[in-house]
Every structure is written in structure tokens, then in C-alpha cells.
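Single-letter residue listing:
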Amino acid sequence: MINIKKIAEDNGIPHDNLRKVIAVESGGFGFDKKTGKIIIQFEPHWFKRLFLKWGNSLNVWQNNKVEGQAQEWKAFNDAFSKNPKAAMESTSIGLPQIMGFHWKSLGFSSVGEFWDYMKESEDNQVLAMVKFIKLNKKMYKALVDSDWNTFAYYYNGAQYKKFNYAERLKKA
């Protein structure tokens, strides 16, 4: 059982605010109930960018959209067979849906070590989420202050409005 309340209190974050982010990011689950695998969202556009950075050609996932955990894992495994590091860096994982390319800023020695840590437990996922949020003082302050527009901008990028992210956090 995740101890979100303790993690929030230990980090000066209102408990309900941390719960809202978790609910919106992953529906409150770090692992798929059917398979037990960590929840992922493979990002084909990131994989293309990272994979091509190393001079490879790639003509898959033309629509840049993958839906459902079975399809996410199928696309991820295909990408992993082509370039494991790029595949792991191009995928958001667990409760917080943190992109794999953040592994170094979170203090891990490799993207694989980051994935292993996240696969251990939902508590680890929440701890990584809090560490990720605290890396950006504006994002952390926005979460503490319930400033959902600012938080959404820093957590999900400039296109957060397109996905109604701030509104979903307010309502969660």
C-alpha cells in the first residue's frame, strides 16, 4: 500500500495535491491490474528523435499514437529490440508517468537503473515523482500552492492546455 500521505507530509506537499497528480497521471495505479507490469506510455515521437540521433533509419509508428497497455508494451518491445536505451528513455512509466530520459537528473547511473527502481514499488514511484517535482522550484511551489496552471505547464509542458490538464487536476 502506497503511503502517499507520509511522503507528501515529509516533503511539505499537501496530501490531496499529490493524490490529484497521481490520479490524473495514471488513474492511481503504477502497475497494470491484469498483467502486474508497470504502467507505461511509449512516446513514438521521442523514440524517433532519440533513435535517429544515432544515425539510424526508422519507419514505424507513423501515427505517433499507441493506446492501451497491451499496445503500449508491444510498441515498446519493438522499439526496445531496435535500441533499448532509446526505448526506455522514450517511455513514461509508473504512477507519475516520468519520462525515462529524466534518469540522470533523478540521480540514477543509467536509464535501466531508473526503470528497475520504478518497477520495485509504487512507493518508489511516488518518491521519484516528488524528487522530480522538487528539481524545479517553480513546479514544486505551484504544487504546494495548488497553482494548477503553473504546475501543469512544468509537469506536462507547454501543450498542457490542449489536454485540459490543469482543469483535470482541479477536479480530481
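A quick note: this is a predicted structure, and the numbers were derived from the prediction, not measured. (Residues numbered from 1 in each chain as written. Predicted model: local features only at pLDDT ≥ 70, side-chain atom pairs only at ≥ 80, totals over all residues. Heavy atoms only, no water.)

(A) Quick look at the side chain of Ser90. Mapped onto the secondary structure, Ser90 falls in the loop between helix 5 (84-89) and strand 2 (91-93). A polar side-chain atom of Ser90 sits 3.1 Å from the main-chain amide nitrogen of Phe47. Residues in contact with Ser90, not counting those within four places in the same chain, are Gln41, Phe42, Glu43, Trp46, Phe47, Leu50 and Met99. (Helix = DSSP H or I, 4+ residues; strand = E, 2+ residues; numbered from the N terminus. Polar contact = N/O pair within 3.5 Å; in protein donor to acceptor, adjacent residues only side chain to side chain. Contact = heavy atoms within 4.5 Å.)

(B) How the structure looks around the packing of aromatic side chains. Tallied over the full model, the rule gives 13 aromatic pairs. Between the aromatic rings of Phe76 and Phe80, the centroid separation amounts to 5.7 Å while the plane-to-plane angle is 40°, which identifies the pairing as tilted. One end of the pair, Phe76, and the other, Phe80, are both in helix 4 (residues 69-82), four residues apart, so they sit about a helical turn from each other. Given a relative accessible area of 4%, Phe76 falls into the buried group. Overall, Phe80 belongs to the partly exposed group, its relative accessible area being 34%. Where Phe132 meets Tyr155, the ring centres are 5.6 Å apart and the plane angle is 85°; that geometry is what we call edge-to-face. In this pair, Phe132 is assigned in helix 7 (residues 122-134) and Tyr155 in helix 9 (residues 148-156), connecting sequence segments 23 residues apart. Just as Phe132 is buried, Tyr155 falls in that class too. (Phe/Tyr/Trp six-rings, centres within 6.5 Å; stacked < 30°, edge-to-face > 60°. Buried < 20%, exposed > 50% of the residue type's maximum accessible area, 1.4 Å probe, protein only.)

(C) Focus on the pattern of salt bridges. Taken as a whole and assessed by the stated rule, the structure comprises six salt bridges. Note that Asp78 and Lys82 form a salt bridge whose closest N and O atoms lie 2.9 Å from each other. Remark: Lys82 and Asp78 occur in helix 4; sequence separation between them is four residues, near one turn of the helix. Between Glu89 and Lys85 there is a salt bridge; the shortest N-O distance is 3.1 Å. Note that Glu89 and Lys85 are positioned in helix 5 at a spacing of four residues, about one turn of the helix. You can call Glu89 buried: its relative accessible area is 7%. (Salt bridge = Lys/Arg side-chain N within 4 Å of Asp/Glu carboxyl O.)

(D) Just the nonpolar core, in detail. Core analysis: the biggest nonpolar cluster contains 49 residues, and Leu18, Trp115, Phe151 and Tyr155 have the highest contact counts within it. With six residues, helix 7 is the largest single contributor of residues to this core. Sequence-distant contacts of Phe151, that is, excluding residues within four places in its chain, are made with Val21, Ile133, Met139, Ala142, Leu143, Tyr165 and Leu169. (Core = buried A, V, L, I, M, F, W, Y, C linked by side-chain atoms within 4.5 Å.)

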